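Okay, here's what each chain looks like letter by letter:
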Amino acid sequence: MSLVRRAAPDDAAELLRLRQVMIDSMPGTDPATDWHAVSLPTLRERLATDEDFGAFVVDHPERPGALAALVVGTVDYRIGKAENPHGKAGFVFSVATDPDARRRGYARSCMEELLQWFRERGAGQVLLTASPDAEPLYAALGFTRKPDPMMGLML
């Protein structure tokens, strides 16, 4: 029996807490948490209604009501190309494990479940950005580094 389950709307506050753990681990990020209150209703709605939004979690074994790990991704449509003619792509944008629950395989188990979810939705590729600490996990799952010229703009 898998420890991993699909996140439910009632998990939204814990998803935000673990997302903040991930954010706080990256250099140069804003440690503010006041955005959680603004984000919470939207996240609950997405968890309840969005078929292309997948969040998988492991409940914390020592803290009832808390999550030990999460992985979140979306399925997006992009115009097809030779490697992915249907244009469906998975994008992983949140992977976090509670600091006191690390090195137990939870993130890997959640990632495996998310990858299966992407396959079931017909995604032809999966993209993510990897921190140096997480790169070995992703490489073990078959991800390869790409020379990505991605840029960003905040609107």
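You'll find the structure just up there.
By secondary structure assignment, the location of Gly65 is in the loop between β2 (53-59) and β3 (67-77). Given a relative accessible area of 75%, Gly65 falls into the exposed group.

This part is about the environment of Ala140. Positionally, Ala140 belongs in helix α4 (residues 135-140). For Ala140, a relative accessible area of 53% translates into the label exposed. Residues Ala140 and Arg108, 32 residues apart in the sequence, show an inter-C-alpha distance of 9.4 Å.

Where strand β4 (residues 88-97) meets strand β5 (residues 125-128), four bridges bridge the pair, whose relative direction is parallel. When the sheet's bridge partners are listed, Val92 is paired in β5 with Leu128. Handedness of the crossover joining β4 and β5 through helix α3 (residues 106-120) is recorded here as right-handed.

On to helix α1 (residues 12-24), then. Its 13 residues give α1 an end-to-end C-alpha distance of 18 Å, which sits within 8% of 18 Å, the value for a rise of 1.5 Å per residue. Those residues of α1 lying buried are Ala12, Glu14, Leu15, Leu16, Leu18, Gln20, Val21, Met22 and Ile23. Structurally, α1 contributes buried residues whose contacts are with α2 (35-49), β2, β3 and β4.

In this section: the environment of Arg121. Tracing the chain through its elements places Arg121 in the loop between α3 and β5. Using a relative accessible area of 23% as the deciding quantity, one classes Arg121 as partly exposed. Separated by 33 residues in sequence, Arg121 and Lys88 place their C-alpha atoms 8.3 Å apart. If sequence neighbours within four positions are ignored, Arg121 has contacts with Arg6, Glu51, Val75 and Lys88.

Within the structure shown, the criterion is met by 13 salt bridges. With a closest N to O distance of 2.5 Å, Arg46 and Asp50 form a salt bridge. Overall, the relative accessible area of 34% leaves Arg46 in the partly exposed class. The closest approach of N and O atoms between Arg145 and Glu135, which form a salt bridge, is 2.6 Å.

Time to look at the nonpolar core. By size, the foremost hydrophobic cluster in this structure holds 23 residues, and its most contacted members are Val71, Val92, Val95, Met111, Leu114, Phe118 and Tyr138. Taken together, the elements giving at least two residues each to this core come down to β2, β3, β4 and α3. If you tally residues by element for this core, the top one is α3, at eight residues. Apart from residues lying up to four places away in sequence, Phe118 is in contact with Gly73, Thr74, Val75, Gly90, Phe91, Val92, Ala123 and Val126. With 18 residues, the next largest nonpolar core counts Ala7, Phe53, Leu70 and Ala96 among its residues.

Glancing now at the packing of α1 against α2. Contact geometry of α1 with α2 gives a least axis separation of 9 Å together with a crossing angle of 120°. In terms of orientation, α1 lies oblique with respect to α2. Crossing of α1 over α2 shows right-handed handedness. Where α1 approaches α2, its residues Ala12, Ala13, Leu15, Leu16, Arg17, Arg19, Gln20 and Ile23 are matched on the opposing element by Trp35, His36, Ser39, Leu40, Leu43, Arg44 and Leu47.

Residues other than glycine seldom take positive phi values, yet Arg103 does so here, at roughly 65°. Tracing the sequence through the fold places Arg103 in the loop between β4 and α3.

Cut-offs applied
- Counting restarts for each chain, with residues numbered from 1 along the sequence as it is written.
- Note on the predicted model: pLDDT of at least 70 is required for a residue's local features to be given, and 80 or more for side-chain atom pairs to be given and counted; whole-chain, interface and lining totals, by contrast, use all residues.
- The basis for every side-chain value is the complete set of non-hydrogen atoms in the structure, without hydrogens or water.
- For the purposes of this entry, the term helix denotes a DSSP run of H or I that reaches at least four residues, the term strand denotes a run of E that reaches at least two, and both are numbered from the N terminus.
- Burial classes: relative accessible area under 20% of the type maximum marks a residue as buried, over 50% as exposed, and values in between as partly exposed (1.4 Å probe, protein chains only).
- Pairing between strands is defined by DSSP: at least two bridges between the two strands are required.
- Note on handedness: a clockwise path from strand one over the helix to strand two, with the strands aimed away from the viewer, defines a right-handed crossover.
- Helix span is expected to be 1.5 Å times the residue number reduced by one.
- The contact rule is simple, with two residues in contact once any of their heavy atoms fall within 4.5 Å.
- In what follows, salt bridge is the name for a side-chain nitrogen of Lys or Arg lying within 4 Å of a carboxyl oxygen of Asp or Glu.
- Side-chain atoms within 4.5 Å are what join buried Ala, Val, Leu, Ile, Met, Phe, Trp, Tyr and Cys residues into a set we call a nonpolar core.
- All axes are obtained by fitting lines to C-alpha atoms, using only the stretch in contact for helices, and the reported angles, taken between N-to-C directions, cover 0 to 180 degrees.
- Any angle that is under 35 degrees is reported as roughly parallel, and any over 145 degrees as roughly antiparallel; angles of 65 to 115 degrees are reported as roughly perpendicular and all others as oblique.
- Each helix crossing is assigned a hand: it is left-handed if the near helix lies turned anticlockwise from the far helix by less than a right angle, otherwise right-handed if that turn is clockwise.

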